[in-house]
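Take a look at the letters that make up each chain.
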Amino acid sequence: MLELKNVSVAYGSIRALRGIDMVVQPGKITAVLGANGAGKSSLLRAIAGIAPVTEGDLLYRNASLKPYPAHRRARMGISLAMEGRRLFRHMAVEENLLLAWSFGPRRTPFAQAVRSVYDAFPILGERRTTKAGMLSGGQQQMLILSSVTIREPELMLLDEPSLGLAPIIVSQIFDFITAYAKARGTAVLLAEQMAVMALRVADHGYVLRGGQVVMHGASDELVKADIVSKLSAAYL
Amino acid sequence: MTFAGQLIFAGVCVGAVYALIALGLNLTFWATRTLNFGQGSLMMLCAVVAVMVFDGGFNIYLGLLAGVAVAGVIAAATEAIAIRPITRLTGSMGWVVTTLGVGIFLQGFVSKFFGSQALAFPSFLFSPRDYVSVLGVRLSAQYLIILVIALALVLLFELFQRRTAWGRALQAVAADQDLAAVMGIPVRLVVTLSFVASGLLAGVAGALVAQITGTVDAAFGFNLLIFGFVAAVIGGMGNTWGALLGGIFLGIMEKLVGGYVSTAAEQAIAFALLMIMLAVRPEGLLGEKEFVKV
Ligand SMILES: Nc1ncnc2c1ncn2[C@@H]1O[C@H](COP(=O)(O)OP(=O)(O)OP(=O)(O)O)[C@@H](O)[C@H]1O
Ligand SMILES: [Mg+2]
C-alpha cells in the first residue's frame, strides 16, 4: 500500500528524518513510536505532502507520491489527522464534517456519511451545531478522527490521537480505529508516544529516535524486546 | 426631499460602493492575511479600459466586460509577483510596499499612455438627469441602480460564502492552510481565485463610481481605496456585513460633512473615523476577536 524508501525530511538546516525505510499494509495498523522530537509528525506530514522531503521516495500503490501536492494526495485516499487539536475552530461540528466530506471522494451521500459518524460518536451528534473550538479535548479528538473517516480514506495517518485524553476515552478511540481498519481494509499509520496502548492495537511498529528508525517488527516482538521501558528511558 | 435626506440617500449609495471595495479587500485578507493596496489602481484601470473600448467604437458593455476582466487578471498577477514571494519570508510585511508599488506602476503606465487628462466616462446606466419616484420622492436613477448593484453583489457574496463548498473552502484556507490542504482543498487555486474575485469587485466598483463622477484619470481610485479600507476597518476586517455597515456609515458621514461643512473635509472625516475606530474598538463594529489557538 505505502512504501518509504530512504526518506529524509529537513526544515531548512534542521534535519528531522534521515533515511527512513518503511512499509504500511492495508487492513493493518502500523505504529510509529518515539519520544518528543523523534520525528513522528514529520513522517506523517511528509506522507501527506505538507513537510519537505529532501531525499528518497514515497510509493503509494506502487507509484511515487512526489509529483502530487497535499490536496491531490488527499483525493487519492490519503487522510491525515494532525496533532494539536487542528480543526476549524470557528466552524460548527457538522460544518467541519461537511467540509471534510465535500473535498473527499464523496462515495457515500453526506446525510448517510454523517449519520454513521454520529452512530459511532453520539456526543458529536448532540453537539452538531456547537463551534468545534468549544468542544472538550476528547470531543475534539473524536471530531478530528471523524473528519478523516468521513472521507473514506484508504490510508489513514493519525498523529497522537490519544494526546491529553483520559484512558477510558483513549481505549474508546483506539477500539474505533481498530474496528474501522479491519472492517474496511484501511491502512493505518498511528503515531504515538503511549507505546503500551499503541502496541496493544497495532500489528507492526517502528521505533524512531533522532529522526532514524532504531527498531521495527511485529508488535509482540517489540513488546518482548521491552521497547516500552526503553522508550520511557528515552524520555529522561 | 429635504437637503439632509438627499445627502443621506447619496451617502447610502456611495457607501454601498465603499462596501464593495471593502469586500474586495476582505477577500484577499482571508486568503493570504494581506491587503492589496493596488486595488485602487484596478478600479481606475477597469474604467480606463472600458472608455478605450467604447471610444474604439464598441458597445460600452463590452468595454466594461473587458475592463473587469483585465482587473481580475491583474489582481491574480499581483498575488503571484508581489505577494506570494514576500509572504514566503515568514512574518514579512513587505507586501504593503510591493502591492502599493504595483498600483503606482499602473497609475504611471496609464498616465504615460493616455495622458493625465481626465477621460470622459460614458453613461451606461441611465443618464444623470433620470429620476425615479419612490413614494412621491424623486431619487436619482443612477444612484439608485448603483445601490441595487452593490447590495446585490454583497448579498450574493455572503450566500456564496455560507452556502457553497467553495465558499467554505475559502473560510478553511483563511483559518488554516495546511489543514485545508490535507482536507483536499486546492489551497493555491483558492488563493488565486480570491484575488481574481477581488479584482472583479474592484473593477465593478470602479465602473460604478466612474458612472457618477463622469470622468476617469490615472489618479482615480486612490481615494476610493482609502474609503474602502476605512469601511473595512470600521465594520471589522474580514466581516461581510461589517463591510456593508461600515461602507454605508462612512458614505453618510462623508456626504453630511461635505454638505454642511465643506467637501474638502470629506477625506478628513474618513481618517478621523479610522483613528477613532482603531482606538476604541480595533476589531471593528461587527468583527470578532480572532480565535486564539489554545
Ligand atoms: N516546522 C518546523 N520547522 C522547523 N523544525 C521543525 C518543524 N517541525 C518539526 N521540527 C523539528 O523536527 C524534529 C522532529 O519534530 P516532529 O514534530 O516530527 O517530532 P514528533 O516526534 O512528532 O514530536 P512530538 O511527540 O513532540 O509531537 C524536531 O527536532 C523539531 O524541532
Ligand atoms: Mg508530533
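Note: the structure precedes this text.
Residues numbered from 1 in each chain as written. Chains lettered and ligands numbered in written order. Predicted model: local features only at pLDDT ≥ 70, side-chain atom pairs only at ≥ 80, totals over all residues. Heavy atoms only, no water.

1. Considerations on unusual backbone geometry
All names here are of chain A.
Point 1. Positive phi values are uncommon outside glycine, yet Arg61 reaches one of about 50°.
Point 2. Within the fold, Arg61 resides in the loop between strand 4 (53–60) and strand 5 (63–64).
Point 3. In this structure, Glu160 takes a positive phi of about 45° despite not being glycine.
Point 4. Inspection of the secondary structure puts Glu160 in the loop between strand 7 (155–159) and helix 7 (167–184).
Point 5. The buried category is assigned to Glu160, whose relative accessible area is 7%. (Helix = DSSP H or I, 4+ residues; strand = E, 2+ residues; numbered from the N terminus. Buried < 20%, exposed > 50% of the residue type's maximum accessible area, 1.4 Å probe, protein only.)

2. Looking at the state of the cysteines
Point 1. Applying the stated rule across the entire model yields zero disulfides over all chains.
Point 2. Among the cysteines around Cys13(B), which has no disulfide bond, Cys46(B) carries the closest sulfur, lying 20 Å off. (Disulfide = S-S within 2.5 Å.)

3. Concerning the pattern of salt bridges
Point 1. Enumeration over the complete set of coordinates arrives at 13 salt bridges over all chains.
Point 2. Across the pair Glu55(A) and Arg15(A) runs a salt bridge, and its minimum N-O distance is 3.9 Å. Note that Glu55(A) is positioned in strand 4 and Arg15(A) in strand 2 (residues 14–24), a separation of 40 residues in sequence.
Point 3. A relative accessible area of 35% places Glu55(A) in the partly exposed class.
Point 4. For Arg162(B), the salt bridge identified is with Glu158(B), shortest N-O distance 2.7 Å. Remark: Glu158(B) and Arg162(B) occur in helix 5 (residues 141–163); sequence separation between them is four residues, near one turn of the helix.
Point 5. Members of the salt-bridge network, linked through shared partners, are Glu79(B), Arg84(B) and Arg188(B). (Salt bridge = Lys/Arg side-chain N within 4 Å of Asp/Glu carboxyl O.)

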